[in-house]
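# What the coordinates show
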Amino acid sequence: QVQLVESGGGVVQAGGSLRLSCAASGSIFSINVMGWYHQAPGKQRELVARITNGGNTAYAESVKGRFTISRDNAKNTVYLQMNSLKPEDTGVYYCNADVVVSFPRYGRGFWGKGTLVTVSS
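First, a word on what this report is: a plain description of the structure on this page. (Residues numbered from 1 in each chain as written. Predicted model: local features only at pLDDT ≥ 70, side-chain atom pairs only at ≥ 80, totals over all residues. Heavy atoms only, no water.)

## Focus on the pairing of strand β8 (residues 77-82)
Our working rule: Three exposure classes are used, based on accessible area relative to the maximum for each residue type with a 1.4 Å probe and protein chains only: buried under 20%, partly exposed in between, and exposed over 50%. The secondary structure listing takes helices from DSSP runs of H or I that are at least 4 residues long and strands from runs of E that are at least 2 residues long, numbered from the N terminus. Pairing between strands requires that DSSP locate at least two bridges from one strand to the other.
For β8, the tally of buried residues reaches 5 of 6 residues, placing the bulk of the element in the interior. In this sheet, β8 lies alongside strand β3 (residues 18-26) in antiparallel orientation, the contact comprising 6 bridges. Bridging from a neighbouring strand, Arg19 pairs with Gln81 of β8. As paired strands, strand β7 (residues 67-72) and β8 are joined by 6 bridges and run antiparallel to one another. Each residue of the ladder has a partner; that of Ile69, found in β8, is Leu80. Connecting β7 to the next strand, β8, in antiparallel fashion are 4 residues, including Asn76 with a positive phi near 50 degrees.

## Re the side chain of Thr77
Rule in force here: Here a polar contact is taken to be a pair of N or O atoms separated by no more than 3.5 Å, where protein atoms must pair a possible hydrogen donor with a possible acceptor and residues adjacent in sequence count only if both atoms sit in side chains.
As for its position among the elements, Thr77 is in strand β8. Judged by its relative accessible area of 8%, Thr77 falls in the buried class. Separated by 2.9 Å, the side chain of Thr77 and the backbone oxygen of Lys75 make a polar contact.

## Overview of the sheet that holds strand β1 (residues 2-7)
Put simply, the rule is: To obtain an axis, a line is fitted to C-alpha atoms, over the contacting stretch when the element is a helix, and the angle between two such axes runs from 0 to 180 degrees between their N-to-C directions.
If you trace the 4 strands from one edge of the open sheet to the other, you get β1-β3-β8-β7, paired in antiparallel fashion. The outermost strands of the open sheet, each flanked by one partner alone, are β1 and β7. Between one strand axis and the next, the sheet turns through 15 degrees on average, direction left out of account.

## Some words on the pattern of salt bridges
Pairing is possible between side chains that carry opposite charge, provided their charged atoms lie close to one another. Test applied: Within this document, salt bridges are pairs made up of a side-chain nitrogen of Lys or Arg and a carboxyl oxygen of Asp or Glu, the two lying within 4 Å of each other.
For the structure shown, the criterion picks out 2 salt bridges. Note that Lys64 is salt-bridged to Glu61, the shortest N-O span being 2.7 Å. Taking relative accessible area as the criterion, Glu61 reaches 62% and is therefore assigned exposed. With its nearest N and O atoms 2.8 Å apart, the salt bridge here joins Asp89 to Arg66. One end of the pair, Asp89, is in the loop between β8 and β9 (91-101); the other, Arg66, is in the loop between β6 (57-59) and β7, with 23 residues separating them in the sequence. With relative accessibility at 10%, the residue Arg66 sits in the buried group.

The following block contains the structure:
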């Protein structure tokens, strides 16, 4: 019904930048919160940043001042601008969205399949 597709991952040197994108498609009535999560090798998935449909944002302490989350509501797309990348930022980045599905009308969270970011030292 609803698909989230991430893009923009890759290999970058420490101090570099990447921009991730996540586009939601399908039977979407509305999207409330959209967020990015990071799963480092051998660790649990953790919240990196989230943004409401009104533009309110929240960040993990570890990325404050380096990462910026934004969204284009008309395109059902969320972005994550990652600057000053560190080796510990390496891992898979997953997109999550709280979606109200059009028909039947109900709400639930959806996940993308993830995009790999590798930061070399």
